[in-house]
Amino acid sequence: MPDGPLIVQSDKSLLLEVDHPRGDDARRAIAPFAELERAPEHVHTYRLTSLGLWNARAAGHDAEQVVNTLIEYSRYPVPHALLIDVAETMGRYGRLTLATHPTHGLVLQATDRAVLAEVLKSKRTAGLVGERVDDETVVVHPSERGHLKQVLVKLGWPAEDLAGYVDGEKHAIELASPTHPRTPTEQPKTWEMRPYQAQAVDGFWHGGSGVVVLPCGAGKTIVGAAAMAKSGTTTLILVTNTVSARQWRDELVRRTSLTEDEIGEYSGSRKEVKPVTIATYQVLTTKRKGVYSHLELLDARDWGLIVYDEVHLLPAPIFRMTADLQARRRLGLTATLVREDGREDEVFSLIGPKRYDAPWKDIEAQGYIAPADCVEVRLTLPEHERMTYATAEPEDKYRLAACAPGKNRVVEQIVSSHPDDQVLVIGQYLDQLQELSEHLDAPLITGATTVRERQRLFEAFRSGEISRLVVSKVANFSIDLPEASVAVQVSGSFGSRQEEAQRLGRVMRPKADGRTAHFYAVVARDTVDQDFAAHRQRFLAEQGYAYRIVDAEELDASGTDLAL
């Protein structure tokens, strides 16, 4: 009997023995199609889901590959019924396709008449489709293309969208040559596309629309720029905030033939519409008198490409808007497809399926992101604080635990153990962050900090003028701080897995001297803070990162070296 690291069970759960000699190989092999549920020390639990299998199918993995992977790494014979179910589930993807008919326009076609009959019988598809063309084809109202795809996913018959896209308004965009300057006075470029970035762009382009998943610090913006160059059209880029918008602008000017005059910013302070327009999610979802007043931006030009940065953060109104944009190419960029609201199926149906996914450890092995040491520092609350916590109302418990006063001392000790590193302290609660800012004599950036002041402080941090920065959740996403090598998390958005991944990502840029990045989570023991921490760590565990647990009492004021 083969001694594999994986136990495959009939309830679609997969148990992975972490310390097995082939454990890492198995983790990488099942990552494209299995979702991690629990990740304690020795055995990780994964689950096979329909959406995970459909995403794998859309990304080019077939049922035979999935079945062979399960058989190869399984310790015991894989239940035959499960193998059949995997093949049948993956076989559901693409039995229905959206296509363009020469005379009827947008149609839904089926390779299986019974499947078409089943979905047309459903009340959910009423009003989304028109007349029957033949036994295998039905007309689809173009305005309902996105809504129909959403419904078909929920009915269990995800359609492959082959209907194509409008060309959009042409606008020449070229990647700046790594060796040839664009102007006589410009310095030669010293960068080039990394192999995985080129593969990601090809996967997206051949798929038509969809999501590219890359680790933080792995150059998602360059993938976006290369997709824009391939499209050669006007482009609308949707980002999380104004600082991110300006970083995108600077990167596009640096990496492409675009000039600043060709790039517009559509945010709270500016309303510029240019061939390449960068808009914030916030301004698009702003309501005035109950109406989304900036929706005209979506029709302001004949966009050939729409890029969604940090696609896992798409607000619900953007989903509704995106349902009406199915005739335009869409590229989603993210470090994790995890959504805490469970709307991954809407990303799949409206932005598109996953087209490329690079495991974090693979990119680390290639030297493109820094290796990371993750540490959970557990703090025992004093007796009086434990009693206050124990008798608190349920809705107050997380804040009490997350803002435990003892965390200030722990953070100071961690920071003092990294005297030569650039350190970020990240948290959720402003009063806690204000205290830490004063204790550490470090500047504080929150949502109330002006964009100009944020940019000044970020630049001072990048240049080494300041080496400590305390930041709220505004720094979770799309902030480029390559010099940061240590992050200390004191509180967060409850059990958010994607927030944990993003915060680790702040320190993942490769360091010139090759040193390891350090990520600390300071947690109150025996509280919901500890429970949420375990949930937050699941995505990173799936990527192969293990947290060491250190007792806060083991630290001392002399600055114990916490590094491995």
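As recorded in an unreviewed UniProt entry, the protein chain goes by DNA 3'-5' helicase and comes from Isoptericola hypogeus. The heading Sequence similarities (unreviewed entry) in the UniProt record of the protein chain holds the text "Belongs to the helicase family. RAD25/XPB subfamily."

**Q** Would you explain the pairing of strand β22 (residues 468-471) in this entry?
**A** Side-chain direction in a regular strand flips from residue to residue, so the side chains alternate between the two faces of the sheet. Residues R468 and V470 line one face of β22 and the alternating positions L469 and V471 line the opposite face, and both faces are buried. For strand β20 (residues 422-426) and β22, the ladder comprises 4 bridges, and the chain directions are parallel. The residue of β22 that forms the bridge with V425 is V470. For strand β21 (residues 444-445) and β22, the ladder comprises 2 bridges, and the chain directions are parallel. Counted as the bridge partner of I445 is V471 from β22. Regarding the hand of the β-α-β motif, the stretch spanning β21, helix α18 (residues 451-463) and β22 is right-handed.

**Q** Help me understand empty space enclosed by the protein in this model?
**A** If a probe the size of a water molecule is rolled over the atoms, the empty space left behind becomes visible. Enumeration over the complete set of coordinates arrives at 3 cavities of 30 Å³ or more. Approximately 130 Å³ is the volume found for the largest cavity. Taken together, 15 residues form the lining of the largest cavity, with K149, A159, D161, F348 and P353 sitting closest to its centre. Those elements that place two or more of their residues in the lining of the largest cavity are α6 (145-154), β9 (159-161) and α12 (344-351).

**Q** I tried to follow the packing of helix α9 (residues 242-255) against α18 on my own but got confused; where do I start?
**A** A packed helix pair is summarised by two numbers, namely the angle formed by the two axes and the spacing between the axes. In the contact formed by α9 and α18, the axes pass within 10 Å of each other and the chain directions differ by 60 degrees. Taken together, the axis directions place α9 and α18 in an arrangement best described as oblique. Classified by chirality, the crossing of α18 by α9 is right-handed. Packed against α9, whose contacting residues are T242, V243, R246 and Q247, the element α18 presents V451, R454, Q455, F458 and R462 at the interface. Tallied by class, the residues present in the contact of α9 with α18 amount to 3 nonpolar, 3 polar and 3 charged.

**Q** How do you make sense of the packing of aromatic side chains when you look at a structure like this?
**A** Working definition: an aromatic ring pair is given by the centre-to-centre distance plus the angle between the planes. Under the criterion given, the structure shown has 6 aromatic pairs. Where F204 meets W205, the ring centres are 6.2 Å apart and the plane angle is 65 degrees; that geometry is what we call edge-to-face. On the basis of an interplanar angle of 85 degrees and a centroid distance of 5.2 Å, the ring pair of Y398 and F532 is categorised as edge-to-face. Taken together, the residues span a long stretch of sequence, with Y398 in helix α15 (residues 394-402) and F532 in helix α20 (residues 528-536) at a distance of 134 residues.

**Q** Quick question: what am I supposed to make of the nonpolar core here?
**A** Soluble globular proteins tend to bury their nonpolar side chains together. Counting 62 residues, the largest nonpolar core has V212, I237, L252, W360, L469 and L504 as the members making the most contacts within it. In contact with I237, not counting residues within four places along its chain, are M228, W248, L252, V276, T277, I278, A279 and V307. Counting residues in each nonpolar core, the second largest holds 28 residues, with L381, V423, V522 and A552 among its members.

**Q** Hey, could you run me through the layout of surface pockets in this one?
**A** Of the voids in this model, the second largest pocket is the one considered here, and its volume is about 780 Å³. Residue lining of the second largest pocket: 33 residues in total, with A31, P32, K354, D357 and E542 positioned closest to the centre. Sorting the residues of the lining of the second largest pocket by element identifies α1 (23-30), β3 (34-38), α2 (50-58), α3 (63-73), β18 (354-357) and α21 (538-542) as the ones contributing at least two each.

**Q** Explain the side chain of S472 here, please?
**A** Within the secondary structure, S472 sits in the loop between β22 and β23 (484-489). With relative accessibility at 4%, the residue S472 sits in the buried group. In this view, S472 contacts I426, G427, L430, L433, I445, T446 and G447; residues no more than four positions away in its chain are not counted.

**Q** Whenever I open this one, the pairing of strand β12 (residues 263-266) confuses me. Can you help?
**A** The alternating pattern of β12 places I263 and E265 and G264 and Y266 on opposite faces, both of which are buried. With 4 bridges joining them, β12 and strand β13 (residues 276-280) adopt parallel strand pairing. Each bridged residue has a counterpart across the sheet, and for E265 the counterpart in β13 is I278.

**Q** Could you clarify how one ought to interpret the pattern of salt bridges in this entry?
**A** When charged atoms on two side chains of opposite charge get close, those side chains can pair. If you walk through the whole model with that rule in mind, you get 31 salt bridges. Residues R145 and D161 are paired through a salt bridge, measuring 3.0 Å at the closest nitrogen-oxygen approach. With R145 in helix α6 and D161 in strand β9, this pair connects stretches of sequence that are 16 residues apart. Per residue, the accessibility class of R145 equals that of D161, and both read buried.

**Q** Just checking my understanding: could you explain the sheet that holds β3 for this structure?
**A** Each strand in a sheet pairs with its neighbour through backbone hydrogen bonds, running either in the same direction (parallel) or in the opposite one (antiparallel). Reading across the sheet, the 4 strands line up as β1-β2-β4-β3 and stay open at both edges, with antiparallel pairing between neighbours. The open sheet terminates on both sides in strands that have one partner only, identified here as β1 (6-8) and β3. Looking at each pair of strands side by side, their axes are set apart by 30 degrees on average, direction ignored. Across 4 bridges, the pairing between β3 and strand β4 (residues 43-48) is antiparallel. What sits directly across from L36, in β4, is Y46. The strands touched by α1 within the sheet are β1, β2 (13-17), β3 and β4, with β2 carrying the most contacts at an inclination of about 150 degrees.

**Q** Can you help me understand unusual backbone geometry in this one?
**A** Note on backbone geometry: most residues besides glycine have negative phi, and most peptide bonds are trans. A positive phi is found at D441, a non-glycine position, where the angle reads about 50 degrees. Of note, D441 is situated in the loop between α17 (430-440) and β21. Judged by its relative accessible area of 71%, D441 is exposed. Non-glycine residue D526 carries a positive phi angle of around 60 degrees. Looking at the element boundaries, D526 is found in the loop between β24 (517-524) and α20.

Basis of the calculations
Residues numbered from 1 in each chain as written. Predicted model: local features only at pLDDT ≥ 70, side-chain atom pairs only at ≥ 80, totals over all residues. Heavy atoms only, no water. UniProt positions renumbered as here; feature names shortened; annotations may be inferred. Buried < 20%, exposed > 50% of the residue type's maximum accessible area, 1.4 Å probe, protein only. Helix = DSSP H or I, 4+ residues; strand = E, 2+ residues; numbered from the N terminus. Pairing = 2+ DSSP bridges. Right-handed = clockwise from strand over helix to strand, strands pointing away. 1 Å grid on protein atoms, 1.4 Å probe; cavity = no way out; pocket = protein on both sides within 12 Å on 5 of 7 lines; lining within 4 Å. Points joined across faces, edges and corners; volume = space filled by probe spheres on them. Axes fitted to C-alpha atoms, helices over the stretch in contact; angles between N-to-C directions. Parallel < 35°, antiparallel > 145°, perpendicular 65-115°, else oblique. Left-handed = near helix turned anticlockwise from the far one by under 90°. Contact = heavy atoms within 4.5 Å. Nonpolar A, V, L, I, M, F, W, Y, C, P; charged D, E, K, R; others polar. Phe/Tyr/Trp six-rings, centres within 6.5 Å; stacked < 30°, edge-to-face > 60°. Core = buried A, V, L, I, M, F, W, Y, C linked by side-chain atoms within 4.5 Å. Salt bridge = Lys/Arg side-chain N within 4 Å of Asp/Glu carboxyl O.

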